[in-house]
Amino acid sequence: ARYAEDVYYEFAIKLTHDAAQILKAAINGAKKVDEKLGNWDLVTEYDRKIEDVVIGQLKAKFPNHRFIGEESTGKELPELTDDPTWIIDPIDGTTNFIHGFPHTCVVIGLSIKKEMVIGIVYNPVLEQLFTARRGRGAFLNNKPIKVSNVQDLSKALVCMESGFIKVDHMREKTIERIRAIVLEAQGIRTLGVAALTLCYVAMGIVEAYYIEGPGISTWDIAAASLIISEAGGVVVDRETGEKINIMKPRAIGACNEKIANKLVELIREADQRVK
Ligand code: LIP
């Protein structure tokens, strides 16, 4: 199995570089932009082109594998099986990509027997390649990375996404959650790119990331959740506080359980205040 995984990994790294060249060459040019759920959920011809290249090459090389990709998977997520399953976001941070904001990346992950075994997140604009393989540590440009040592939320830089404010029935709850987190954390940032932000937790420059919202799905968190855990951090389900199920993407990534639990608790209390 190890040998097969080496082959998968080498091939995925090569593909990531090919895909990232397309992203990099296009970021400053004109793009054809379409709306998916709204004017905040976008897709360009490059998202589709990269996904076609990546899935096309993986299918040709590994015809028995399965695929979950942002642009080709329908509204319903398929069942995750024990089979090797590639989970792909051709461009994460599409809105950033459209604006030329340099936090955007290609994401390729592989699950085997329902566990992530490979995670690759590459930002070719800032030349940051984050990689992890299960049990072998996490790396930025081939150098080992570790999460931050901060233990208290009052000393933590916390990232979050605010997308649920756009959804009528989630608006008040989301505002209350944000208010609670802003009041407790040292600082708040929202970067609009889930996979890279999770990697910022892995490399220790952000202590925690609360990610949930319309349009946020498995491909946004699968690969990078392995990168965080291999860097010594945790990714938990926002509702239960248990280890994340990648098919239920409502996540808190954090440098340790203490900070993750504190955020789970703050959000739970905020929800009780709204009702
Ligand atoms: C994006 C996420 C981001 C969120 C956006 C969107 P995409 O993924 O990474 O965190 O704020 O609404 O879902 O669509 O750029 O791959």
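Let us look at the structure shown here. Values in this document were obtained by computation on a predicted structure and should not be read as measured data.

1. Concerning the side chain of Ser148
Right, so step 1: In this structure, Ser148 sits in the loop between strand S9 (143–144) and strand S10 (157–160).
Right, so step 2: Judged by its relative accessible area of 11%, Ser148 is buried.
Right, so step 3: Only 3.0 Å separates the side chain of Ser148 from the backbone nitrogen of Val150, close enough to count as a polar contact.
Right, so step 4: Of the polar contacts made by the side chain of Ser148, one reaches the side chain of Glu207; its length is 2.6 Å.

2. Some remarks on the environment of Ile98
Right, so step 1: With respect to the helices, strands and loops of the structure, Ile98 is situated in helix H3 (residues 94–99).
Right, so step 2: Setting aside residues up to four positions removed in sequence, Ile98 forms contacts with Lys31, Val33, Leu42 and Thr44.

3. Considering helix H6 (residues 218–230)
Note that an α-helix has 3.6 residues per turn; residues three or four places apart therefore point the same way.
Right, so step 1: With 13 residues, H6 should cover 18 Å at 1.5 Å per step; its first-to-last C-alpha distance of 19 Å lies within 8% of that length.
Right, so step 2: Buried within H6 we find Thr218, Trp219, Asp220, Ile221, Ala222, Ala223, Ala224, Ser225, Leu226, Ile227 and Ile228.
Right, so step 3: Of the residues flanking the end of H6, it is Gly232, one or two places downstream, whose phi is positive at about 100 degrees.

4. Here we look at the nonpolar core
Right, so step 1: Counting 61 residues, the largest nonpolar core has Val121, Phe130, Ile145, Ile227, Ile252, Ile259 and Leu263 as its most contacted members.
Right, so step 2: For this core, the domains that each give at least three residues are domain 1 (2–144) and domain 2 (153–274).
Right, so step 3: Those residues in contact with Leu263 that sit more than four places away from it in its chain are Leu153, Ile181, Ala208 and Ile252.
Right, so step 4: Within the second largest apolar cluster, 32 residues are counted, among which are Ala12, Ile13, Ile27 and Ile120.

5. Overview of unusual backbone geometry
When glycine is set aside, most residues are seen to have a negative phi, and most peptide bonds are trans.
Right, so step 1: In this model, Asn141 sits at a positive phi of 45 degrees, which is unusual for a non-glycine residue.
Right, so step 2: Inspection of the secondary structure assignment puts Asn141 in the loop between strand S8 (138–140) and S9.
Right, so step 3: The phi torsion at Asn142 lies on the positive side, around 70 degrees, for a residue other than glycine.
Right, so step 4: Mapped onto the elements of the fold, Asn142 is located in the loop between S8 and S9.

6. What about the packing of aromatic side chains?
Right, so step 1: A full pass over the atoms with the stated rule returns five aromatic pairs.
Right, so step 2: Where Tyr8 meets Trp86, the ring centres are 6.3 Å apart and the plane angle is 75 degrees; that geometry is what we call edge-to-face. Residue Tyr8 is found in helix H1 (residues 2–26), and its partner Trp86 is found in strand S4 (residues 85–92); the two are separated by 78 residues along the sequence. The exposure classification of Tyr8 matches that of Trp86, with both residues buried.

Quick notes on the rules
- Residues numbered from 1 in each chain as written.
- Predicted model: local features only at pLDDT ≥ 70, side-chain atom pairs only at ≥ 80, totals over all residues.
- Heavy atoms only, no water.
- Helix = DSSP H or I, 4+ residues; strand = E, 2+ residues; numbered from the N terminus.
- Buried < 20%, exposed > 50% of the residue type's maximum accessible area, 1.4 Å probe, protein only.
- Polar contact = N/O pair within 3.5 Å; in protein donor to acceptor, adjacent residues only side chain to side chain.
- Contact = heavy atoms within 4.5 Å.
- Expected span 1.5 Å × (residues − 1).
- Core = buried A, V, L, I, M, F, W, Y, C linked by side-chain atoms within 4.5 Å.
- Domains from an automatic or database assignment.
- Phe/Tyr/Trp six-rings, centres within 6.5 Å; stacked < 30°, edge-to-face > 60°.

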